[in-house]
Amino acid sequence: MKNSICILLIFALWVSCSDDETNVADTLTVAAFYPTIVMEDTEVIITGTAMEQITEVIFPGEKAAKSLVALDNTRLKVIAPAGVSLEPGSLLLRTAGDEIASRQTIRAAKPALSYLNPAEGVATYANLTIVGSDLFLTDAIRFVGTTESVEVEAMRFVRKSNTQISLSVPADAPVEENVLLKLVFKNGETMDLARLNVEQGQEPGGEWQTKEIKVYDDDPVEIGAWAAWVTVGADRFADVKLDDILRIYFSDPGSNPQGGLRDGNWGDLADGTNYFDLTSDDLTNGYYDWPVDEAVLEKLQNGGVIIGGSSYTVTKVVYVTQVWVEGGGETSLTDPITENTIMLNDYEQHGDHNASWDMSWADSEATLAITDEETGNTYIRLVKEVSGWTLNCNHVDHGTVQGIENYVIKVDVLIEDGVTVPVEQGAQWVIADDWKWVGDGLIPETTNGKWITIRTDCSALGLSGDIEFGTKTNGLAGAFPAGVCFDNLRLDPKD
Amino acid sequence: MKFIKHISYLVLAAVCCSSCVDLDYTEVTSNDEEWVYQSPIYGIQQLVTSVYAHVPNGFDKNYEGGSGATLAAATDEADNAQSTSSVLRFYNGGWSPINPFDFTWTNSYRAIAEANNFLEKLDKIDLSAYQYNNEYEAMKAKFELFEYEVRFLRAFFYFELVRAYGDVPFTLKSLTNAEANVMKRTSAITIMDWIVEEMDAIAEYLPITFATELNTDIGRATRPMCLGLKARTLLYKASPLFNTTDDKSRWLAAAQANHDLISYATDWGISLGNYADLSGTNNADGVEIIFAAKQGRLDSWERYNYPVGVENGGSGMCPTQSLVDAYEYLDNEQAFGERFSGSTINLTTDAPYENIDPRFYATVVKNGDIWPNYNTAPIETFEGGLNASPLLNATQTGYYLRKYCDPNVNISTNNSTNAQHGWIIMRLGEFYLNYAEAMYHYYGDAETKGDFTLSANDAINILRSRADVNMPSWQGTPANWSERYERERMVELAFENHRFWDVRRWKQGQKFASIQIVTIHKAANGDIILTRGTKAREWDDKYYFFPIPFAELNKNTNLTQNAGWGSTN
């Protein structure tokens, strides 16, 4: 048995891969490298074989790499020199006795601006798009004002490609005219790009909400008659702010309960905190508060607080603060309707037209016109799942829209709480009888019960030039569940 | 004996016949190259799609590349009720270089080979013929991203390999058979360092989300994924399995990377949502999700894991009492296993599930639950109950699985439905935990913030204060902090394929040497009584790393075997 296995093992080794095992690692090859656009001091990683034997790397323009380090025999890190040619060319790799040129090409970057969008003025929080060429090696965008400058690092860009950078103008950008926009490159070089006016914008999509931050919720402590104390360390108050409220939750109040607040050195946290009677409101609430003024803030952050008193049990200590909650706003999530808006259908009564009349192609059992009693606004609500025509309007004459590529088609959407919209929507905009495929995910899975605006750039749909709308059909088709509401199908000029 | 001899011949014959396509390279150039590069959508894009298609997921590309059990059933999280499942080989002695669970090896190297091939021919992509098409801009934007997407994926697959095998052959270029046949193993640390550098190099070129792209594709590589892979890699690099000299600076680097992701997440619209939203339809679109593999509409997970007694239910992976013991209570920091440590618990009078961490209810199905939604009878896991022994494949742990199941999916023969499922590969919660672990190990206490904005406890407390969890916060650095952290991580990430690797990187394999199970019976007075028990499993320290498949060793004499798995060749 043993012999049989040995024989078979030898056989197995003999018949297994018979490729020529000459030392391929010593043969100079270059497989790939990146990046393919460089500035002086850009790090280029080259992959191939025999990288440990490379003695010289020549960039287009007959410039030798500043330095080269073989990371292993298949990877070489080189630093690009100054003076690399703008014309693409091969990298030349040399060993002591061999030379090879890459098939891929490499060239020097020549960053340039084509235009900004918006071109002249932008508000903080708003999107700014820089369109140009060779923006690839941009490491940051700097907003330089007369006295201050703010930088947005590349990781915080909304998007970066070689021809376009999009970013949100930072909240703390200098708000003034003629702010200088600079590109900062990876090698430290900078380039003045343009000047633009920066105005104060509005923080988007959210609201300040009151929140309790727990700083103690360990085992309840029965205070007794000034017998026990609850200590909360300063580190728990690192984020407390002026005008927050220190709140002590309690249970089991006895007769004449009293509170007491000390700082970390057993001094009074503030005037009047040595001892104080809990009020009837405190007893009703189950907690008592102390405001965080400047003095209290300093004491909390330096020494924390020690809580005592008599005739109650401390169950929890929090501070009440204001936090910014994204998407919390009620109305700021929808785009405004302006004098430049071309309203395709707002579902209100206009002469003979109204939602029912205009929506004649949609499933009348699935779409219901709802009028908000409070505001009088009429919108469309899906009362059952639709698949196909969801919105349409083919009765209102909109004439000719010039330069459709400069417009964005929009609709306001509200998804009721508890409704989740599947991503598979197969959505299509219909613009002047022209069906434009958008596909899945046009509408988010939820809007948390709020109205938001859905937008699609008409140019992204391949539309351009002047379009005769007349009474052609406009609308939206796709698969959407019950509980989704639509309003204000419209065209708006791009920002 | 004769039978064994025949088996030996068959095995050896199979080895002899195995392909010479070393490191399991696929024939990525089998398509006509000219056609590929003249056909952007069907050619070039397909090359990229093919790399994505290798991304594993627990639904239909598990540890063997199939469906059924996941690695959770090879840990103390779960016991597999189906005794024929291959997952049992992880702990019953059936795991070997000849029978090696080689999916991670073959799948990852195939993906890497395809990625290398794609990246070497980037210069051949020429879209100029399409410049007058309506979709040209969208097409160009999409194709410009391919390089970075593929580089992310290549790093992702190297992480898969390093996590499973430690040192592995490392190449960033396409190999001929001859080259592949002589590849040596590169140290895991070298590869981890490369992953980190690679993520640093490419992250800023990838979108934060594809929702804002002209092509609103889903599941493609993003900037948060890059930061996530970097942060996860650095955590592994700092962990005892890889950090054999206890180099503290590695914990600091891990803390920094995880903190970076947490910080950016706010700006990028990634936040902690409800824990319950991690399961069910649209879970992959949740606000917390960084990387998920969407699987379309299916019911296989429910068919595998719904209890027996539910028509067509297979019981599948049953949560263990070891897992249940880890859940703490809302009223103090005691865990189930501490509060109810006795050998028996009267479920009727002791009410041990009251006030338990809400994540329990999102993960586990217990006796008395209505499950799934269409089932009219409550689940009975007591002996003789509707969903219990002596039914074939009934739970041996006393529990059934809820995580990732969509309770609205009906698997009955006459009314079957299905639903979209998403396998979570990265989510924000993991990185809060990673950060807490790294901070604790670097600073030696859980309250220090150092140069960061959060202490270890702060990170844990943010995680525990989700709206539908809201567990008591942690304070101080008790002696058992690390143990409690490991418990918290087990609870938070249950059934998400972390535990298998976490216990290994902590070098705590003995935790898998047995699991806690229970038997439940109905007493004469009607009370339901839970009795604890232990089920032994095999653990050997060689299990810290997977064995290099014997077939690979046989082809390449430069490859060495992992410790404990037999001869070097």
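Residues numbered from 1 in each chain as written. Chains lettered and ligands numbered in written order. Predicted model: local features only at pLDDT ≥ 70, side-chain atom pairs only at ≥ 80, totals over all residues. Heavy atoms only, no water.

1. Describing the overall build of chain A
In terms of regular secondary structure, chain A is built from four helices and 39 strands. When each of the 495 residues of chain A is scored for burial, the buried share is 48%. Long-range pairs, those at least 24 residues apart, make up 71% of the contacts in chain A with a sequence separation of at least 6. Entry remark: accessible area of chain A is about 23,300 Å², with carbon and sulfur atoms responsible for 47%. (Helix = DSSP H or I, 4+ residues; strand = E, 2+ residues; numbered from the N terminus. Buried < 20%, exposed > 50% of the residue type's maximum accessible area, 1.4 Å probe, protein only. Contact = heavy atoms within 4.5 Å. Areas by Shrake-Rupley, 256 points an atom, 1.4 Å probe, with all protein chains shown as cover.)

2. Let's talk about the overall build of chain B
Across its full length, chain B carries 19 helices and 11 strands. For a compact globule of 569 residues, the expected C-alpha radius of gyration is about 25 Å, and chain B comes in at 24 Å, within 12% of that figure. Considered along the principal axes of its C-alpha atoms, chain B spans approximately 80 × 70 × 55 Å. Looking at chain B residue by residue over its 569 residues, the buried ones come to 62%. If you take every contact in chain B between residues at least 6 apart in sequence, the share linking residues at least 24 apart comes to 69%. (Rg over C-alpha atoms; globule rule 2.2 N^0.38 Å.)

3. Description of the packing of aromatic side chains
According to the stated counting rule, one finds 67 aromatic pairs over all chains in the structure shown. Measuring from ring centre to ring centre gives 6.2 Å for phenylalanine 250 of chain A and tyrosine 288 of chain A, while their planes differ by 35 degrees; the resulting arrangement is tilted. Of this pair, phenylalanine 250 of chain A sits in strand 22 (residues 245-251) while tyrosine 288 of chain A sits in strand 25 (residues 287-291); the two residues are 38 residues apart in sequence, bridging distant segments of the chain. In terms of burial, phenylalanine 250 of chain A and tyrosine 288 of chain A fall into one category: buried. Arranged with centres 6.4 Å apart and planes meeting at 90 degrees, the rings of tyrosine 353 of chain B and tyrosine 399 of chain B form a pair that is edge-to-face. Separated by 46 residues along the polypeptide, tyrosine 353 of chain B in the loop between helix 13 (347-350) and helix 14 (358-361) and tyrosine 399 of chain B in the loop between strand 7 (364-365) and strand 8 (400-401) bring together distant segments of the chain. What makes tyrosine 353 of chain B buried here is its relative accessible area of 10%. Stacked on the ring of tyrosine 287 of chain A, the Lys or Arg arginine 247 of chain A has its end atom at 4.0 Å from the ring centre. The residue whose ring lies beneath arginine 339 of chain B is tyrosine 329 of chain B, and the NZ or CZ to ring-centre distance is 3.9 Å. (Phe/Tyr/Trp six-rings, centres within 6.5 Å; stacked < 30°, edge-to-face > 60°. Lys NZ or Arg CZ within 6 Å of the ring centre and 35° of its normal.)

4. With respect to the sheet that holds strand 24 (residues 276-277) of chain A
All names here are of chain A. Pairing is antiparallel in the open sheet, where four strands are placed in the order 21-26-23-24. With one partner strand each, in any of the chains shown, strand 21 (230-232) and strand 24 form the two edges of the open sheet. As judged from the two bridges shared by strand 23 (residues 258-263) and strand 24, these two strands associate in the antiparallel manner. Within strand 24, the position partnered with glycine 259 by the bridge is phenylalanine 276. (Pairing = 2+ DSSP bridges.)

5. Overview of helix 9 (residues 248-267) of chain B
The end-to-end C-alpha distance of helix 9 of chain B is 30 Å, a good match for the 28 Å that 20 residues give at a rise of 1.5 Å each. Within the sequence span of helix 9 of chain B, burial applies to Arg250, Trp251, Ala254, Ala255, Ala257, Asn258, His259, Leu261, Ile262, Tyr264 and Ala265 of chain B. Buried residues belonging to helix 9 of chain B abut strand 14 (149-153) of chain A together with helix 7 (188-202), helix 8 (223-238), strand 4 (289-298) and helix 15 (428-443) of chain B. Among the residues trailing helix 9 of chain B, glycine 269 of chain B stands out with phi positive, at a value near 75 degrees. (Expected span 1.5 Å × (residues − 1).)

6. Observations regarding the sheet that holds strand 14 of chain A
Residues and elements named next belong to chain A. The sheet built from five strands is open, its strands ordered 11-18-17-13-14 with mixed pairing. Each edge of the sheet is formed by a strand with only one pairing partner; in this case those strands are strand 11 (121-123) and strand 14. Each strand axis lies, on average, 35 degrees off the axis of its neighbour in the sheet, ignoring direction. (Axes fitted to C-alpha atoms, helices over the stretch in contact; angles between N-to-C directions.)

7. Let's talk about empty space enclosed by the protein
Residue and element names in this part refer to chain B. All told, the structure shown has five cavities of 30 Å³ or more when counted by the stated rule. By volume, the largest cavity is sized at about 340 Å³. Pro56, Glu160, Arg163, Asn497 and Trp501 are the residues nearest the centre of the largest cavity, which is lined by 24 residues in total. Secondary-structure elements contributing two or more residues to the lining of the largest cavity are helix 4 (103-120), helix 5 (136-165) and strand 9 (419-427). Residue contributions to the lining of the largest cavity peak at four residues, all from helix 4. Taken together, the residues of the lining of the largest cavity sort by class into 10 nonpolar, nine polar and five charged. (1 Å grid on protein atoms, 1.4 Å probe; cavity = no way out; pocket = protein on both sides within 12 Å on 5 of 7 lines; lining within 4 Å. Points joined across faces, edges and corners; volume = space filled by probe spheres on them. Nonpolar A, V, L, I, M, F, W, Y, C, P; charged D, E, K, R; others polar.)

8. Let's talk about the confidence of the model for chain B
Where the model shows low pLDDT, its predicted coordinates should not be examined in detail. All names here are of chain B. In the predicted model, chain B carries a mean pLDDT of 91, and 93% of its residues have values of at least 70. In this model residues 1-29 is a low-confidence stretch, pLDDT under 50, and it forms 55 contacts with partners more than four residues away in sequence or in other chains. At the level of chain-chain contacts, confidence expressed as ipTM amounts to 0.86, with global pTM at 0.74. (pLDDT = per-residue confidence, 0-100.)

9. A word on helix 3 (residues 40-52) of chain B
Residue and element names in this part refer to chain B. Compared with an ideal rise of 1.5 Å per residue, which puts 13 residues at 18 Å, helix 3 spans 17 Å between its outermost C-alpha atoms and is within 8% of the ideal. Considering bend angle alone, the principal kink of helix 3 is centred on glutamine 46 and spans about 40 degrees. Taken together, the buried positions of helix 3 are occupied by Pro40, Gly43, Ile44, Gln45, Leu47, Val48, Val51 and Tyr52. On its buried face, helix 3 sits against helix 2 (33-38), helix 4 and helix 5. (Bend = angle between axes of the 7 residues up to and from the residue.)

10. Digging into the environment of proline 88 of chain A
Residues and elements named next belong to chain A. With respect to the helices and strands, the residue proline 88 is situated in the loop between strand 7 (75-79) and strand 8 (89-94). Separated by 157 residues in sequence, proline 88 and isoleucine 245 place their C-alpha atoms 64 Å apart. In this structure, proline 88 is in contact with Thr105, Ile106 and Arg107, ignoring residues within four places of it in sequence.

11. Brief notes about the layout of surface pockets
Volume-wise, the second largest pocket comes out at about 1,000 Å³. Every residue lining the second largest pocket is counted, 31 residues in all, and those nearest its centre are Thr36 of chain A together with Leu122, Ile125, Glu144 and Glu147 of chain B. Of all the secondary-structure elements, those providing two or more residues to the lining of the second largest pocket are strand 1 (29-34), strand 9 (99-108) and strand 15 (159-160) of chain A together with helix 5 of chain B. Looking at which element gives the most residues to the lining of the second largest pocket, the answer is helix 5 of chain B, with eight residues.

12. Re the pairing of strand 7 of chain A
All names here are of chain A. In terms of burial, strand 7 is a largely internal element, four of the five residues being buried. Two strands pair when backbone bridges link them, and strand 3 (residues 43-49) and strand 7 are joined in this way by five bridges, in the antiparallel orientation. Counted as the bridge partner of threonine 47 is arginine 75 from strand 7. As defined by bridge partners, strand 6 (residues 67-72) adjoins strand 7 across five bridges and the pair is classed as antiparallel. Bridge pairing in strand 7 places valine 69 opposite lysine 77. Linking strand 6 to strand 7, which pair antiparallel, is a turn of two residues.

13. Here's the deal with the nonpolar core
Counting residues in hydrophobic clusters, the biggest one holds 208 residues, and the most contacted among them are Phe143 of chain A together with Phe90, Phe152, Tyr158 and Met317 of chain B. Of all the elements, helix 5 of chain B adds the most residues to this core, at 18 residues. If near-sequence neighbours (up to four positions away) are discounted, phenylalanine 90 of chain B is found in contact with Tyr63, Leu71, Ala74, Trp95, Phe101, Phe500, Tyr543 and Phe546 of chain B. (Core = buried A, V, L, I, M, F, W, Y, C linked by side-chain atoms within 4.5 Å.)

14. Notes on the packing of helix 3 of chain B against helix 5 of chain B
Describing two packed helices takes the angle between their axes plus the distance from one axis to the other. All names here are of chain B. One way to put it is that helix 3 packs onto helix 5 with a least axis distance of 9 Å and a crossing angle of 25 degrees. With respect to each other, helix 3 and helix 5 are oriented roughly parallel. The chirality of how helix 3 crosses helix 5 is left-handed. Residue-level contacts link Pro40, Ile41, Ile44, Gln45, Val48, Val51 and Tyr52 of helix 3 to Met139, Lys142, Phe143, Phe146, Glu149, Val150, Leu153 and Phe157 of helix 5. (Parallel < 35°, antiparallel > 145°, perpendicular 65-115°, else oblique. Left-handed = near helix turned anticlockwise from the far one by under 90°.)

15. Regarding the environment of serine 149 of chain A
Residues and elements named next belong to chain A. With respect to the helices, strands and loops of the structure, serine 149 is situated in strand 14. Sequence separation between serine 149 and proline 422 is 273 residues, and the spatial gap between their C-alpha atoms is 44 Å. When residues no more than four places from it in sequence are discounted, the contact partners of serine 149 are Arg142, Phe143 and Val144.

16. Focus: a nonpolar patch on the surface
Residue and element names in this part refer to chain B. A grouping of Trp35, Ile41 and Tyr42 is seen on the molecular surface, where their side chains present a nonpolar patch of about 360 Å² in accessible area. With respect to the helices and strands, the residue tryptophan 35 is situated in helix 2. Accessibility expressed as a relative area gives 41% for tryptophan 35, which makes it partly exposed. (Patch = residues over 30% accessible without salt bridge, like charges linked within 9 Å, V, L, I, M, F, W, Y side chains within 5 Å. Salt bridge = Lys/Arg side-chain N within 4 Å of Asp/Glu carboxyl O.)

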